[in-house]
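In case you want the letters, here they are:
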Amino acid sequence: MNLSLPIRSASRNPRNDESRNHFMNYTPTSSTEAILGPIREPAPLNDRLIVGLDFGTTYSGVAAVYTSTPDDVEIIKTWPGGNGITSDKVPTEIAYDFPPNSPEGTNPTIKWGFQFRPEESRLRCIKLFLDRSQKLPFYVSPLETAAQLKKFNKNVVDAVSDYLTQVYDHTMETLTRRYGESFMASTKVEFVLTCPAVWSDAAKNTTLQAAERAGMGTKSDIQMISEPEAAAVYTLKAIQPNHLSAGDNFVVCDAGGGTVDLIAYKIISLKPLRVEESAVGTGGLCGSAFLNYRFEEHVRNRIGHQRFDEMKLKKGKCWQMGLRYWEEFVKRNFNEEEHAEVNVPFPGLPDDEEAGLDCGFLVMTAPQIKEIFEPVVKEVCDLVQGQVDGIRQKGGIVSGIVLVGGFGQSNYLYTRLKSHFNTAAPPPYSERPTHAQATALIENGSVEVMQPVNAWTAVVRGAVLRGLEGSMVVSRKARMHYGTSYATVYDEDKHQVSERYWSPLWERWMVSDRMQWHITKGETLSAASPISFHYTRNFRPGQSLIVSDDLIASDADGEPPASYTRDLINVCTLTTDLGAVPKSLFTRLTTTRGVEFDNLDFTLEMVVESAGLAFELKVDGFRYGRVEAEFH
Amino acid sequence: MTRFDFIDHYAILRVQRQAPASNVKTAYRKLALAHCPDKNSDDPSATSDFQKIGAANGILSDEAKREQYNIEWDSHHSQRATSTSTKTTKGSKANPKLE
């Protein structure tokens, strides 16, 4: 049955419109609308897919969320080469190969993630090569990595961007399968990338470049968040922090495969949740990958070097089985109280009472396991204690430690940290707290150790939440002193006579290479209030108005030096074109010898974000042109 | 470091802006010896480095040329301003304020 009902439809008859407009005194656009644009957006076109990418030292993870269903965070769990077995993460490993008999100049084929047989050689820990100031763990050979890269005419950034390209392609394929092609074609995909808290500015920039080359958008479109900050974002959302109150500090310990990253936050307000960094990020190379090497050494010593090497070489599956049990069961679940001994499967190894091999299992006692764990656990404890001490010295109260990352899931690490920080009994109850009690509480007060569910994927989940909600961190701590060098008028009270020179342009005695420090290490910075540097410059007529200055950093713990020295770090060169500045803002001046020049005062503004620096150049409060930062 | 058409000859010779002529001379000799293309046949940039060192010395060792160049150098280096809000009167013969 087909009924024709009078419905008000959206499709309009143009003649009707004409007559209605005529009678209703219709004007095409109001003047406000013409100036300010459409008053209301016709439809919410700004729904986006936010993809978080945790590019880790040993494993990487991807999470995605659609902005209109923000509670539905999805973790990618299927990976090429995974043989149908799901995994929250994929190994950060890549290898190149030339197909057999390929002519010269052929592009090498790429294998990555789970696509390797156990014995195949591959590039590991490539992430750590991005920051030249980072130490490499002993099991990564820089020479071997360099040799492999050279053979295929690649550098570290190529390898990283090739790896990220694989991750990107797989992510887009997975999302397309999930949401459909037409949805993907019409929906903007935004990437949020994580990086260690201790990364240098140059390393962050290199990471962004690699992500840009992988197709994740332009450098300015890709957001970055530090790993512990991402972990904190997720944890505070996941565990309702009932026992935390405004003013409290908590330390986030992101114990990953290769590195351990720490950062401390102070809670500014609980609703809405706002925090600020309360201690500068620290870190160490004591991730859980070390435990695997210590485990390997242990097995080698127990069953004998010859038998071990034979097993690893000829019975690869046997060794892989044992290592996997170690990785997935022992490392995460080992607990002294529950496990007096652990049986690690090594199928096919003959019984050997002396070595402790029985029915294809290697018996490991709790003390033996503890011995393997001890140095790594101790270093993590020391790092956390260091942060806690730092906050307490400044009179802050530390009420929680949040444990995240692969090794952060470890039961043993959790128990050890808990006993380390919960030794003091609570002070006796009294009506009014005494000063002594308050001091005792600050010095020995117990700290709650928290381990959220999904500790392994906390970073990537936090990255997605950041993309969804924007920053909850209102201020951060500077990791270095930041400054610029300048020349100034010689002052006999401040400078040596030998340092001065006569400037024919300024017609004064001057000194150069003075350092002005705009940001002090450990200082609280807010993205809302940029830091301004004021300059003045004399341009000769016809001189290029492209101005460049170096941003210089110092890692000194005390006062940074007053003049430029070779051990200072050249962070980047800031270049801007002042060509757009109106000529009327320049002041024409002439020296006594008739040299003409145009003087201009300008301000360089720097904004500090979670994982990077942004710059603007202003004259009289107005922005003219972009500042390009070229990192060294 | 890119300063476009501007070349920092002081930076090339690794001497300071106030360095006396004798320092410029020693710095040039040391660098020229180290970067001599005959001794650095395996370094492809040796020849161009050597030429840059020579050009820098040509200007900085000549008193008149150095003085002329100093104007250029000064105009390519930022000075710290005491404040951006106070502007000197236009056409003033005096140099602008510096800290």
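Heads up: these notes are all about the structure in this document. Small disclaimer: the values here were computed from a predicted structure and weren't measured.

1. Some thoughts on the overall build of chain B
Here comes step 1: If you tally the helices and strands in chain B, you get four helices and one strand.
Here comes step 2: Written out in order from the N terminus, the α and β elements of chain B read α-α-α-α-β.
Here comes step 3: Taking all 99 residues of chain B together, 40% fall into the buried category.
Here comes step 4: Contacts in chain B between residues at least 24 apart in sequence constitute 51% of all its contacts with a sequence separation of at least 6.
Here comes step 5: Counting only carbon and sulfur atoms, one obtains 54% of the accessible surface of chain B, whose full area is about 5800 Å².

2. Details of helix H3 (residues 46–60) of chain B
All names here are of chain B.
Here comes step 1: Relative to the 21 Å expected for 15 residues at 1.5 Å per residue, H3 spans 21 Å between its end C-alpha atoms, a close match to the ideal helical length.
Here comes step 2: What H3 keeps buried is the set Ala-46, Ile-53, Ala-56, Asn-57 and Leu-60. What you see down the axis of H3 is that its buried residues fit within an arc of 100°, all on one side.
Here comes step 3: Where the residues of H3 are buried, they touch helix H1 (9–12), helix H2 (21–34) and helix H4 (63–75).

3. A word on the packing of helix H8 (residues 289–303) of chain A against helix H9 (residues 305–314) of chain A
Residues and elements named next belong to chain A.
Here comes step 1: With their axes 6 Å apart at the nearest point, H8 and H9 run at an angle of 120° to one another. By the angle class used here, H8 and H9 are oblique. Here Glu-296, Val-299, Arg-300, Asn-301 and Ile-303 of H8 come into contact with H9, specifically with His-305, Arg-307, Phe-308, Asp-309, Met-311 and Lys-312.
Here comes step 2: Classifying every residue of the contact of H8 with H9 by side-chain character gives four nonpolar, two polar and five charged.

4. What about the nonpolar core?
Within soluble globular proteins, side chains that are nonpolar tend to cluster in buried spots.
Residue and element names in this part refer to chain A.
Here comes step 1: Formed by 50 residues in total, the largest nonpolar core has its most connected members in Phe-295, Trp-326, Phe-346 and Val-384.
Here comes step 2: Of all the elements, helix H11 (residues 366–393) adds the most residues to this core, at 12 residues.
Here comes step 3: Apart from residues lying up to four places away in sequence, Val-384 is in contact with Cys-253, Leu-262, Ile-401, Leu-417 and Phe-421.
Here comes step 4: Val-62, Tyr-168, Tyr-179 and Ala-210 belong to the second-largest nonpolar core, a separate cluster that totals 41 residues.

5. Some remarks on the pairing of strand E21 (residues 508–519) of chain A
Residue and element names in this part refer to chain A.
Here comes step 1: With respect to burial, E21 is a largely interior element, nine of its 12 residues being buried.
Here comes step 2: Pairing geometry for strand E19 (residues 481–489) and E21, over seven bridges, is antiparallel. The residue of E21 that forms the bridge with Gly-483 is Trp-517.
Here comes step 3: Two strands pair when backbone bridges link them, and strand E20 (residues 501–503) and E21 are joined in this way by three bridges, in the antiparallel orientation. Residue pairing in the sheet places Ser-503 in a bridge with Arg-508 of E21.

6. Observations regarding the packing of helix H10 (residues 316–333) of chain A against H11 of chain A
Residues and elements named next belong to chain A.
Here comes step 1: Where H10 meets H11, the closest approach of the two axes is 12 Å, and the angle between their N-to-C directions is 90°. Classed by the angle they form, the pair H10 and H11 counts as roughly perpendicular. Along the contact surface, H10 presents Trp-326, Val-330 and Lys-331, while H11 presents Ile-369, Ile-372 and Phe-373.
Here comes step 2: A breakdown of the residues in the contact of H10 with H11 according to their chemical character gives five nonpolar, no polar and one charged.

7. Things to note about the sheet that holds strand E15 (residues 361–365) of chain A
All names here are of chain A.
Here comes step 1: Spatial ordering of the open sheet is given by E13-E15-E14, a layout of three strands whose pairing is antiparallel. Strands with a single pairing partner mark the edges of an open sheet, and in this sheet they are strand E13 (341–345) and strand E14 (357–358).
Here comes step 2: Bridge analysis of E13 against E15 gives five bridges, and the strand direction is antiparallel. By the bridge assignment for E15, Val-342 is matched with Met-364.
Here comes step 3: Along the sheet face, H8 touches E13, E14 and E15 and points at about 110° away from the line of E15.

8. Section: H8 of chain A
Residues and elements named next belong to chain A.
Here comes step 1: Taking 1.5 Å per residue as the helical rise, H8 with its 15 residues ought to reach 21 Å, and the 22 Å between its terminal C-alpha atoms agrees with that figure.
Here comes step 2: With 11 of 15 residues buried, H8 lies mostly within the body of the structure.
Here comes step 3: Every buried residue of H8 is listed here: Ala-289, Phe-290, Leu-291, Asn-292, Phe-295, Glu-296, His-298, Val-299, Arg-300, Arg-302 and Ile-303.
Here comes step 4: Of the surrounding secondary structure, the elements contacted by the buried residues of H8 are H9, H10, E13, E14, E15 and H11.
Here comes step 5: Remark: Gly-304 follows H8 within two positions and exhibits a positive phi of approximately 95°.

9. Points about the pattern of salt bridges
All names here are of chain A.
Here comes step 1: For the structure shown, the criterion picks out 33 salt bridges over all chains.
Here comes step 2: One salt bridge connects Glu-229 with Arg-466, and the closest N-O pair in it is separated by 2.6 Å. With Glu-229 in helix H7 (residues 227–238) and Arg-466 in helix H14 (residues 458–469), this pair connects stretches of sequence that are 237 residues apart.
Here comes step 3: A relative accessible area of 1% places Glu-229 in the buried class.
Here comes step 4: Salt-bridge contacts for Lys-331 lead to Glu-327; the nearest nitrogen and oxygen are separated by 3.2 Å. In this pair, Lys-331 and Glu-327 are both assigned in helix H10, four residues apart and thus about one turn of the helix distant.
Here comes step 5: Ionic contacts of the salt-bridge type, sharing partners, join the residues Glu-296, Glu-297, Arg-300, Asp-309 and Lys-312 into one network.

10. Points about the side chain of Asn-599 of chain A
All names here are of chain A.
Here comes step 1: Secondary-structure assignment places Asn-599 in strand E27 (residues 596–609).
Here comes step 2: Note on Asn-599: relative accessible area 1%, which makes it buried.
Here comes step 3: A polar side-chain atom of Asn-599 sits 2.8 Å from a polar atom in the side chain of Thr-536.

11. What about the sheet that holds strand E7 (residues 123–124) of chain A?
All names here are of chain A.
Here comes step 1: Read across the sheet, three strands follow the order E6-E5-E7 without closing on themselves; strand pairing throughout is antiparallel. Each edge of the open sheet carries a strand with a single partner, namely strand E6 (109–112) and E7.
Here comes step 2: With two bridges joining them, strand E5 (residues 93–97) and E7 adopt antiparallel strand pairing. Note that in E7 the partner of Glu-93 across the bridge is Arg-124.

Thresholds, definitions, all that
Residue positions are counted from 1 within each chain, in the order its sequence is given. Lettering of chains starts at A and numbering of ligands starts at 1, both following the order in which they are written. Residues qualify for local features only when their pLDDT is at least 70, as the model is predicted, and side-chain atom pairs are given and counted only at 80 or more; totals for whole chains, interfaces and linings, by contrast, use all residues. Side-chain calculation: all heavy atoms of the structure are included, whereas hydrogens and water are not. Labels follow the DSSP assignment, with helices taken as runs of H or I lasting at least four residues and strands as runs of E lasting at least two, numbered in each case from the N terminus. For the exposure calls, accessible area comes from a 1.4 Å probe over protein chains only, and a residue counts as buried if that area is under 20% of its type's maximum, exposed if over 50%, partly exposed in between. The contact definition used throughout considers only heavy atoms, calling two residues in contact when any of these lie within 4.5 Å. In this description, accessible areas are obtained by the Shrake-Rupley approach with a 1.4 Å probe, and a residue is regarded as covered only by the protein chains that are shown. Expected span of a helix, by definition, is 1.5 Å for each gap between consecutive residues, and there is one gap fewer than residues. By definition, the arc is the one covered by directions from the helix axis to the C-beta atoms. With axes taken as lines fitted to C-alpha atoms, and helix axes fitted only over the stretch in contact, angles between N-to-C directions fall between 0 and 180 degrees. Note on angle classes: values under 35 degrees are labelled roughly parallel, values over 145 roughly antiparallel, values of 65 to 115 roughly perpendicular, and the remainder oblique. Residue polarity follows a fixed list, in which Ala, Val, Leu, Ile, Met, Phe, Trp, Tyr, Cys and Pro are nonpolar, Asp, Glu, Lys and Arg are charged, and the others, Gly among them, are polar. Nine residue types can take part in a nonpolar core, namely buried Ala, Val, Leu, Ile, Met, Phe, Trp, Tyr and Cys, and a core is a set of them joined through side-chain atoms within 4.5 Å. Each pair of strands is called paired provided DSSP finds at least two bridges between the two strands. By convention in these notes, a salt bridge is any Lys or Arg side-chain nitrogen within 4 Å of a carboxyl oxygen on Asp or Glu. A 3.5 Å cut-off defines polar contacts: any pair of N or O atoms within that distance qualifies, except that in protein one atom must be a possible hydrogen donor and the other a possible acceptor, and neighbouring residues in sequence count only when both atoms are side-chain atoms.

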